[in-house]
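Observations on chain architecture
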Amino acid sequence: MVRLTIWDNEAANFRELNRISTKKNQIVIITSIIPRLHEGKLSLTTTSRSHFYFDTDIDIIQRF
């Protein structure tokens, strides 16, 4: 398990995408994140350039 910290507008965007989703479990592609080690654990932080993709029409999501 990896902790993902979402900041500012990215948090609002993610919350809205998650709210309108009809699936219980879903695959999300998140771009432009910063990996960090904190107390020996990996965490990911979004940036102002982060994007969230919930679209099941994306080929890699279909294959997954």
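What comes next is a walk through the structure.

About the cut-offs
- Residues numbered from 1 in each chain as written.
- Predicted model: local features only at pLDDT ≥ 70, side-chain atom pairs only at ≥ 80, totals over all residues.
- Heavy atoms only, no water.
- Pairing = 2+ DSSP bridges.
- Helix = DSSP H or I, 4+ residues; strand = E, 2+ residues; numbered from the N terminus.

A few words now on the pairing of strand S2 (residues 29-38). Inspection of the sheet shows S2 paired to strand S3 (residues 41-53) by 9 bridges, in the antiparallel sense. Residue His38 lies in a different strand from S3, and its bridge partner there is Lys41. Between S2 and the antiparallel strand that follows it, S3, lie 2 residues; Glu39 among them carries a positive phi value of about 50°.

We now examine the pairing of S3. Across 3 bridges, the pairing between strand S1 (residues 3-5) and S3 is parallel. Bridging across to S3, Arg3 finds its partner in Ser43.

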